[in-house]
Amino acid sequence: MELSNTEIKIVVKNMAREIVKRATAKNADKSDYQKFRDAFFKKHGIKSEADAKKLAGTEEGKRLDEAYKKEYGEYMQKSPTPKNAALRTVAVTYSDGTTITTSMAAHLSDADIKNYFRAGREFNIGSGGKDKMVKVKSVKILNATSATAKNAPRLRGIYKDKNEAQARVDRENAKKENANEIHTIEKVGDDFHVVADKK
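The present account deals with the structure reproduced in this document. The structure displayed is predicted, hence computed values, not measured ones.

Comments concerning helix α6 (residues 162–174)
Moving on, step 1. For α6, built from 13 residues, the straight-helix expectation of 18 Å at 1.5 Å per residue is met to within 8% by its first-to-last C-alpha distance of 18 Å.
Moving on, step 2. Among all positions of α6, only A165, R168, V169 and E172 are buried. On an axial view of α6, the arc spanned by its buried residues comes to 100°, and they lie on one face. What points out from α6, more than 90 degrees from its buried face, is the exposed set N163 and A174.
Moving on, step 3. For α6, the capping residue at the N-terminal end is D161, with a side-chain oxygen 3.2 Å from the backbone nitrogen of N163.

Some details on the environment of K114
Moving on, step 1. Examined against the element boundaries, K114 turns out to sit in helix α5 (residues 110–116).
Moving on, step 2. Residues within four places of K114 in sequence aside, it is in contact with V139 and I141.

Topic: the nonpolar core
Among soluble globular proteins, nonpolar side chains are generally buried collectively.
Moving on, step 1. By size, the foremost hydrophobic cluster in this structure holds 12 residues: V90, V92, Y94, M104, L108, I113, F117, F123, I125, V134, V136 and I141.
Moving on, step 2. Counting residues per element, the ones that place at least two in this core are β1 (88–94) and β4 (133–142).
Moving on, step 3. Discounting chain neighbours no more than four positions away, the residues touching M104 are L87, R88, V90, I113, Y116 and F117.
Moving on, step 4. Listed in part, the eight residues of the second largest apolar core include F36, F40, A67 and Y72.

Regarding the side chain of T99
Moving on, step 1. Along the chain, T99 falls in strand β2 (residues 99–104).
Moving on, step 2. Polar side-chain contacts of T99 include one of 3.1 Å to the side chain of T93.
Moving on, step 3. If near-sequence neighbours (up to four positions away) are discounted, T99 is found in contact with A91, V92, T93, G157 and I158.

Observations concerning the pattern of salt bridges
Close approach of charged atoms allows side chains of opposite charge to pair.
Moving on, step 1. Inspection of every chain in the model, using the stated rule, returns six salt bridges.
Moving on, step 2. Taking the shortest distance from any N to any O, the salt bridge between D51 and K54 comes out at 3.8 Å. Here the residue D51 and the residue K54 both occupy positions in helix α3 (residues 49–54), the gap between them amounting to three residues, near one helical turn.
Moving on, step 3. Assessed through its relative accessible area of 28%, D51 is described here as partly exposed.
Moving on, step 4. Through salt bridges that share partners, R168, E172 and K175 make up one connected network.

Structural notes on the packing of aromatic side chains
Moving on, step 1. Under the definition given, this model contains four aromatic pairs.
Moving on, step 2. Taking the centre distance of 6.5 Å and the plane angle of 75° together, the rings of Y94 and F123 count as edge-to-face. Remark: F123 occurs in strand β3 (residues 122–124) and Y94 occurs in strand β1; sequence separation between them is 29 residues. The pair formed by Y94 and F123 is uniform in burial state, with each residue classed as buried.
Moving on, step 3. Here the aromatic residues Y94, Y116, F117 and F123 are joined through ring pairs into a cluster of three or more.
Moving on, step 4. Lying across the ring of Y116, R121 places its NZ or CZ 4.5 Å from the centre.
Moving on, step 5. Here K187 stacks its cationic end above the ring of F192, 4.7 Å away from the centre of that ring.

Description of the pairing of β1
Moving on, step 1. The buried count for β1 comes to five of seven residues, which makes it a mostly enclosed element.
Moving on, step 2. Where β1 meets β4, six bridges bridge the pair, whose relative direction is antiparallel. Each residue of the ladder has a partner; that of T89, found in β4, is L142.

Focus: the pairing of strand β6 (residues 181–188)
Moving on, step 1. Sheet topology note: the β6/strand β7 (residues 191–198) ladder contains eight bridges and is antiparallel. Looking at β7, one finds that K187 is bridged to F192.
Moving on, step 2. In this structure, the hairpin formed by β6 and β7 is closed by a connection of two residues, where G189 is found at a positive phi of approximately 65°.

So, how was this worked out
Residues numbered from 1 in each chain as written. Predicted model: local features only at pLDDT ≥ 70, side-chain atom pairs only at ≥ 80, totals over all residues. Heavy atoms only, no water. Helix = DSSP H or I, 4+ residues; strand = E, 2+ residues; numbered from the N terminus. Expected span 1.5 Å × (residues − 1). Buried < 20%, exposed > 50% of the residue type's maximum accessible area, 1.4 Å probe, protein only. Arc of directions from axis to C-beta. Polar contact = N/O pair within 3.5 Å; in protein donor to acceptor, adjacent residues only side chain to side chain. Contact = heavy atoms within 4.5 Å. Core = buried A, V, L, I, M, F, W, Y, C linked by side-chain atoms within 4.5 Å. Salt bridge = Lys/Arg side-chain N within 4 Å of Asp/Glu carboxyl O. Phe/Tyr/Trp six-rings, centres within 6.5 Å; stacked < 30°, edge-to-face > 60°. Lys NZ or Arg CZ within 6 Å of the ring centre and 35° of its normal. Pairing = 2+ DSSP bridges.

Right, here's the structure in full:
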């Protein structure tokens, strides 16, 4: 199986991103999960992730795996945002002007979300089998008090231009998988929100 030029570019870009991520990891703020993992390793005398991997398949590895599952479950119960909390909603604006609203896991901190959608990072926002690699311009974490948050569960996109919003509505309403939804535009402040409601 041969990779296309686009696939090769994506693989190389992901590899480079991973190298940079690992090189800068020591300077980055650690996520809650990383803090838990580091504390678990220290408590159980594990010096590194490589040492933990060496234990895989051994009796000691099985014991540590059980302890990890138990302690992580307890940790998540004590977490300020339990696993069953509502998803976080974010609006990501891309360099081409497109804004897409998406959901993120409830336990992620603002820093985790902003790091994931950091400016300059590329995402494929294409659809229908057509790739469209676009860089992130900004990310906005929507909270319960914002005007946008009331639309969050039904929000499909935020646009500055009404014609672009209408084009999105037309595309969404034409999709077969959206047969049970009707997409419309709602004006919120200076923005045009494309929202979906059940028919």
